[in-house]
Amino acid sequence: MDYNYHTHTDRCGHALGEDEQYVKAAIEAGFKVLGFSDHVPFKEVHHPSERMDYAQMEGYLESINALKAKYADKIEIKVGFELEYFPEYKDYYQSLLKRCDYLICGQHNKTLDAYSYDLYADDEDVIIYANQVKAAMESGLVSFIAHPDYFMLGRNRWSDACAQAARIIAEAAEKNHIPLEINLNGLRYGKKLYGDLEVYPYPFPSFWQEVAKYNVKCIYSFDAHRPTTLLEKERIALVLDQLNGIHLHIEEQFRI
Ligand SMILES: [Zn+2]
Ligand SMILES: [Zn+2]
């Protein structure tokens, strides 16, 4: 694996480190491409522990673009955003895409006002979640889906609705040729009990068992919220251990 397209900056309020430290760590880790995809700001919201303010966007783009030039002979740097897909913001996302290299969808929230799937996701919610992610893929705006099994953070068991959600997502990924991300940062929550199964919340094995039935490309991301995360390649082994026996098409080299 020589890429990471899911990297945050301290502007989101829950990540640490200077932008340049992420670049240096990525070079040390041997990556050929480092993509920054910090949480997208929205003009009308102020969520200092969740995402940068809209006023910080210019500084973010300027900083990463300057690093792009500074390190051009060492690593390819891309700048983008991780967004929650709300159709009413489609024009806004489109305008962002004109100013950056790529967008990814990480559907953390059901609505813009802070209700988050990581706190609670019942059967009805997971279907809503899956359809939001599907709409993101159909929009043609996003390059991949970050932690498509994110909803498992807000649950304590797998269910038929979860399996249905996985199929909605995998089918849309296959149809729209959108890769699904195996997130290497679900480990930070530690193992949780799901019924009698004790696993990291994501990548959640039952989810990826459904994905394996489709012709879907999978990619890894560190979802780095601190520079040193990019150096922790042992995360891949931990995640592969959790997905043991599930046959996925994982891209060792992926480019947006
Ligand atoms: Zn984050
Ligand atoms: Zn992220």
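(A) Summary view of the sheet that holds strand β9 (residues 249–250). Read across the open sheet, the three strands follow the order β5-β8-β9; overall the sheet is parallel. Sheet topology places β5 (180–183) and β9 at the edges, where each strand pairs with a single neighbour.

(B) Structural view of the coordination of the zinc ion (ligand 1). The protein atoms donating to the zinc ion (ligand 1) are His-14 (NE2), His-39 (NE2) and His-225 (NE2), with metal-donor distances spanning 2.0 to 2.1 Å. Spacing between the donor residues of the zinc ion (ligand 1) along their common chain follows H-x24-H-x185-H. A separation of 4.5 Å is found between the zinc ion (ligand 1) and the zinc ion (ligand 2). Of this pair, His-14 sits in the loop between β1 (3–4) and α1 (19–29) while His-39 sits in strand β2 (residues 33–39); the two residues are 25 residues apart in sequence, bridging distant segments of the chain.

(C) How the structure looks around the side chain of His-147. Mapped onto the secondary structure, His-147 falls in the loop between α4 (123–138) and α5 (160–176). For His-147, the residues in contact, after removing those within four places along its chain, are His-6, Glu-82, Gly-106, Gln-107, His-108, Tyr-129, Glu-181, Asn-183, Tyr-202 and Asp-223.

(D) Spatial organisation of the nonpolar core. The biggest cluster of nonpolar side chains holds 94 residues, and the ones touching the most others in it are Phe-81, Tyr-93 and Trp-208. Among the elements that take part in this core, α5 stands out by supplying nine residues, more than any other.

Rules of the game
- Residues numbered from 1 in each chain as written.
- Chains lettered and ligands numbered in written order.
- Predicted model: local features only at pLDDT ≥ 70, side-chain atom pairs only at ≥ 80, totals over all residues.
- Heavy atoms only, no water.
- Pairing = 2+ DSSP bridges.
- Helix = DSSP H or I, 4+ residues; strand = E, 2+ residues; numbered from the N terminus.
- Donors = N, O, S within 2.8 Å, 3.2 Å for Na, K, Ca; no water.
- Contact = heavy atoms within 4.5 Å.
- Core = buried A, V, L, I, M, F, W, Y, C linked by side-chain atoms within 4.5 Å.
- Buried < 20%, exposed > 50% of the residue type's maximum accessible area, 1.4 Å probe, protein only.

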